[in-house]
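Coordinate analysis (summary)
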Amino acid sequence: MAVGIVNGSSGKSALPLLREKSKDHDLVLKTFRMLIADLCQQFGGGHPGGAIGMAAIGVALWRYVMRYAPHTPDYFNRDRFVLSNGHTCLFQYTFLHLTGYKAMTFEQLKSYHSDRTDALCPGHPEIEHDGIEVTTGPLGQGVANAVGLAMATKNLAAKFNQPGYDLVNNHTWCMIGDACLQEGVGLEAISFAGHLKLNNLTVIYDNNQITCDGSVDLTNTEDINAKMRASGWDVIDVEDGCFDIEGLVQALERARAATDKPTFINVRTVIGLGSNVAGQAAAHGAAFGAPNVAQMKKDVGFNPDELFVIGETVRNFFQDLPTRGESLVQEWKDLVQKYTADFPELGAEFQRRVNGELPSNWKELIPTSFPDKPTASRAASGLVFNPIAKECESFMVGTADLSPSVNMIWPGKVDFQHPDLRTTCGINGDYSGRYIHYGVREHAMGAISNGLAAYAPNTIVPVTSSFFMFYLYAAPAVRMGALQHLQIIHVATHDSIGMGEDGPTHQPIELAALYRAMPNLLYIRPGDSEETAGAWIAAIEAKKTPSIISTSRHTLPQLKQTRRDGVLRGAYVLEEAEDAAVTLIGVGAELSFALDVAKQLKEKGIVARVISFPSQRLFERQSLEYKRSVLKRGTPAVVIEPYAPNGWERYATAGVSIQRFGHSLPGKAAYKYFGYEIDVLTGKVSDYLDRVAKDEFLQGEYVDL
């Protein structure tokens, strides 16, 4: 269906421009495709097929439809483009070069698959580089990231836009391939976006019907258009996705004009078009070979002996885009200036959000003391954070269908929902809401939160929440957030065998080892309410690092020795003792066990010092002098934690840990079953010290008690 085309810079119809430039389309497409073939052939590797098949989509998007500024890549109200099928990265890199991104020089473009350590063309797009909104690679992640980006736009628009002042009205475009529609995280996110009616989101499907193993019908024979419509999306078909640039532009502009649904554009293309493996799986992930590339060039009238050719006509085709982009930037800056004059308070707040700043008094919102009664650290987490969430609108808080368990609801919270939704349960909201019901979609929750965080640095700080064990479902997204240096705070409850009767499926044993090992992630396990306050302070101050705050379901004693500032250093001394025979390391929900064991050892005449160790990563950031003062190497050290022992050998000489899955028992009974009673623990430590005295263990040998 033909619709009017609106030019991205002026709001005028782009049809005259498109018709004027259409005479160059054939040469632009041929040049792009031969360039992709050369870039892969140069070092004998890469993914040429998809990028070649998607060429016309890129021309329609970057030349005619998308609103962006190549010379101001971080322009706040720019359209966001996500390449979920990240293996086709040359598609994006080449358009970044052609459209004038300064960093993407011709020499940089030719760095693809080279040994240059400063290359801007890695094998999948990476967020650090200009023009790349999110790091993609694991398929389907980009779909969920795009949903998060679109949600960010909706939330900011609902908060700040006023009549005549659309400060935030950008569109999110997400390019996907066949495999993105097979990955579960992509399908979770598609379902959620349809529910939310995100009309500012368009998914462009490069439908070439090929994956690594062969044709898509090897594994998928569903009606994808029907599936998308059933998920609440509008569907537009483009039959000739290899050449019909005008039809693609019409489809893209129809998508931008959508009023009540996200849009799915099903574009039929041919992978590796023009090569001798066109339409085959062999076109996906390997260079075509020099003879084939030479023949491709002959077939389109190019000189087979010339490499990396971009002629003057093609350069001129894109040359005005930086100027067009700077006009967009200036128009937006002028709008913000007028907005701030008319709405000074909102304008000041908007600028603060653009700058990624929290209110200066956020720490004052944290309680300075807590009730003495035993308190679950998940409850303490709510006591600490809910006053902050209420007052600081940068935080968007979500849960994977566990609101009653995670304690993340603050008084007066509004749900993020489509404003016309009326639920059976009566929980409704609008796009200004900052509490997100993700449903039972842990993986998408994590990946969507990455998109929320990536919209602009710290403008939105996403908070997710679920049981700790279910962050195994979310782990790939948590990893992607860490890889991208995004600030997301994951609130993980039920983090111990002490959570009880739900049994081994819900009792985490091995998961902390994964997250303690994951680079650029803070895993923090507080031992009581005071330490929970420290965990939240650390997570909120970690502007380029995701965090996991790991809390208990069951109540914990409140300890007079704990300090929130101690948590910020990762580990600190709770009870010091001269001439101690042993250092006891307490962690999280079992922190009090270490204190109780020390007390009982004292009754046996054994002097113990006790340290709290909520975060290995924070501890490693401290000075060597501080770390030595806490650990006091040379003294036997025993860690008490019902998790897998992996990693503790760096800090302890022995540990009371678990190397099997849990057991379905009430919390106290589970602790007893696994030997986490004070008498038993004291006996194990005492026996260990006796054996140390007898030289039964080698120097540095870690002993599992």
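Check the secondary structure of the protein and you find 26 helices and 23 strands. Along the first, second and third principal axes, the C-alpha set of the protein runs to 90 × 60 × 45 Å. Counting the 705 residues in the protein, one finds 61% classified as buried. The contacts of the protein with a sequence gap of at least 6 include a subset with a gap of at least 24, amounting to 77%.

With that settled, the discussion passes to the nonpolar core. Counting 115 residues, the largest nonpolar core has Met 151, Phe 264, Phe 395, Ile 448, Ile 489, Tyr 515 and Trp 536 as its most contacted members. At 11 residues, the largest contribution of residues to this core is made by helix α7 (residues 141-160). What Met 151 contacts, discounting residues up to four positions off in sequence, is Phe 192, Leu 196, Leu 198, Phe 416, Ile 436, Ile 448 and Leu 452. By size, the runner-up hydrophobic cluster in this structure holds 69 residues, among which are Met 54, Ile 57, Trp 62 and Leu 120.

Reading across from one edge, β1-β2-β3-β7-β6 is the order of the five strands in this open sheet, with parallel pairing throughout. In this open sheet, the two strands that pair with only one neighbour each are β1 (80-83) and β6 (234-238). Within the sheet, the average angular offset between the axes of one strand and its neighbour, ignoring direction, is 20°. Looking at chain direction, strand β3 (residues 201-207) and strand β7 (residues 263-268) are connected through six bridges and run parallel. Across the sheet, residue Val 203 finds its bridge partner in β7, namely Phe 264. α7 rests against β1, β2 (172-176) and β3 of the sheet, and its axis sits at about 175° to β2. Contacts from helix α10 (residues 245-256) reach β2, β3, β6 and β7 within the one sheet, and its direction differs from that of β6 by about 170°.

Below, the discussion takes up the packing of aromatic side chains. For the structure on display, the rule yields 40 aromatic pairs. Aromatic side chains Phe 76 and Phe 350 sit 5.8 Å apart centroid to centroid with 85° between the ring planes, which places their arrangement in the edge-to-face category. One end of the pair, Phe 76, is in the loop between α4 (55-65) and β1; the other, Phe 350, is in helix α14 (residues 344-354), with 274 residues separating them in the sequence. Note on Phe 76: relative accessible area 7%, which makes it buried. Ring geometry for Phe 416 and Tyr 431: centres 5.3 Å apart, planes at 40°, overall tilted. Taken together, the residues span a long stretch of sequence, with Phe 416 in strand β10 (residues 415-416) and Tyr 431 in the loop between β11 (429-430) and β12 (435-437) at a distance of 15 residues.

Moving on, we get to the confidence of the model for the protein. Averaged over every residue, the pLDDT of the protein is 96; residues scoring 70 or more account for 98%. Summarising per-element confidence for the protein, the mean pLDDT is lowest in helix α1 (residues 15-21) (87) and highest in β3 (99). Confidence over residues 1-10 falls short of pLDDT 50; this stretch has 34 contacts with residues more than four positions distant or in other chains.

What follows concerns unusual backbone geometry. Note: most peptide bonds trans; most residues except glycine with negative phi. A positive phi angle, close to 65°, is found at His 113, a residue other than glycine. Note on placement: His 113 falls in the loop between α6 (106-109) and α7. One non-glycine residue with positive phi stands out, namely Gln 209, at about 60°. On the basis of relative accessible area, Gln 209 is assigned to the partly exposed category, the value being 35%.

This part is about the environment of Arg 563. Summarising the element assignment, Arg 563 is placed in the loop between β17 (555-556) and α21 (564-567). When the C-alpha positions of Arg 563 and Pro 508 are compared, they lie 26 Å apart, and in sequence the two are 55 residues distant. Contact partners of Arg 563, with chain neighbours within four places excluded, come to Glu 530, Tyr 572 and Val 573. Among the polar contacts made by the side chain of Arg 563, one reaches the side chain of Asp 565 at a distance of 3.2 Å.

The next point concerns the pattern of salt bridges. With the rule as written, the count across this model stands at 29 salt bridges. The salt bridge partner of Lys 159 is Glu 349, with a shortest N-O separation of 3.6 Å. Residue Lys 159 is located in helix α7, and its partner Glu 349 is located in helix α14; the two are separated by 190 residues in the primary sequence. What makes Lys 159 partly exposed here is its relative accessible area of 24%. A relative accessible area of 19% means that Glu 349 is categorised as buried.

So, on to the pairing of strand β14 (residues 489-493). Counting buried residues in β14 gives five out of five residues, a clear majority hidden from the surface. Burial along β14 is two-sided: the residues Ile 489, Val 491 and Thr 493 and His 490 and Ala 492 are all buried. Across five bridges, strand β13 (residues 461-467) lies against β14 in parallel orientation. Note on β14: the bridge partner recorded for Val 463 is Ile 489. Between β13 and its parallel partner β14, the chain crosses via helix α18 (residues 475-483), and the hand of that crossover is right-handed. Sheet topology note: the β14/strand β16 (residues 547-550) ladder contains four bridges and is parallel. Bridge pairing in β16 links Ile 489 to Ser 547.

Here we come to the sheet that holds strand β21 (residues 637-640). With mixed pairing, the six strands of this open sheet are ordered in space as β18-β20-β19-β21-β22-β23. At either end of the open sheet lies a strand with only one pairing partner, and these are β18 (572-575) and β23 (703-704). Of the pairings in the sheet, the one linking strand β19 (residues 582-586) to strand β20 (residues 608-612) comprises five bridges and is parallel in character. Residue pairing for β20: Val 582 is matched across the bridge by Ala 608. Helix α22 (residues 591-603) rests against β18, β19, β20 and β21 of the sheet, and its axis sits at about 155° to β19. Contacting β18, β19 and β20, helix α24 (residues 624-631) crosses the sheet at an angle of about 130° to β20.

The next subject is helix α13 (residues 321-342). The end-to-end C-alpha separation of α13 is 32 Å, in line with the 32 Å expected for 22 residues at 1.5 Å each. Of the residues making up α13, those classed as buried are Leu 321, Pro 322, Arg 324, Gly 325, Leu 328, Val 329, Trp 332, Val 336 and Tyr 339. The arc that holds every buried residue of α13, seen down its axis, measures 160°, which confines them to one face. For α13, exposure combined with an orientation more than 90 degrees from the buried face picks out Thr 323, Gln 337, Lys 338 and Ala 341.

Turning our attention to the layout of surface pockets. For the largest pocket, the calculated volume is near 620 Å³. Taken together, 25 residues line the largest pocket, and the ones lying closest to its centre are Arg 78, Ile 127, Ala 454, Ala 456 and Pro 457. In this model, the second largest pocket occupies a volume close to 450 Å³. For the second largest pocket, the lining is made up of 20 residues, of which Pro 636, Thr 653, Tyr 688, Gln 699 and Gly 700 are closest to its centre. Residue classes in the lining of the second largest pocket are distributed as 10 nonpolar, five polar and five charged.

The rules we used
Residues numbered from 1 in each chain as written. Predicted model: local features only at pLDDT ≥ 70, side-chain atom pairs only at ≥ 80, totals over all residues. Heavy atoms only, no water. Helix = DSSP H or I, 4+ residues; strand = E, 2+ residues; numbered from the N terminus. Buried < 20%, exposed > 50% of the residue type's maximum accessible area, 1.4 Å probe, protein only. Contact = heavy atoms within 4.5 Å. Core = buried A, V, L, I, M, F, W, Y, C linked by side-chain atoms within 4.5 Å. Pairing = 2+ DSSP bridges. Axes fitted to C-alpha atoms, helices over the stretch in contact; angles between N-to-C directions. Phe/Tyr/Trp six-rings, centres within 6.5 Å; stacked < 30°, edge-to-face > 60°. pLDDT = per-residue confidence, 0-100. Polar contact = N/O pair within 3.5 Å; in protein donor to acceptor, adjacent residues only side chain to side chain. Salt bridge = Lys/Arg side-chain N within 4 Å of Asp/Glu carboxyl O. Right-handed = clockwise from strand over helix to strand, strands pointing away. Expected span 1.5 Å × (residues − 1). Arc of directions from axis to C-beta. 1 Å grid on protein atoms, 1.4 Å probe; cavity = no way out; pocket = protein on both sides within 12 Å on 5 of 7 lines; lining within 4 Å. Points joined across faces, edges and corners; volume = space filled by probe spheres on them. Nonpolar A, V, L, I, M, F, W, Y, C, P; charged D, E, K, R; others polar.

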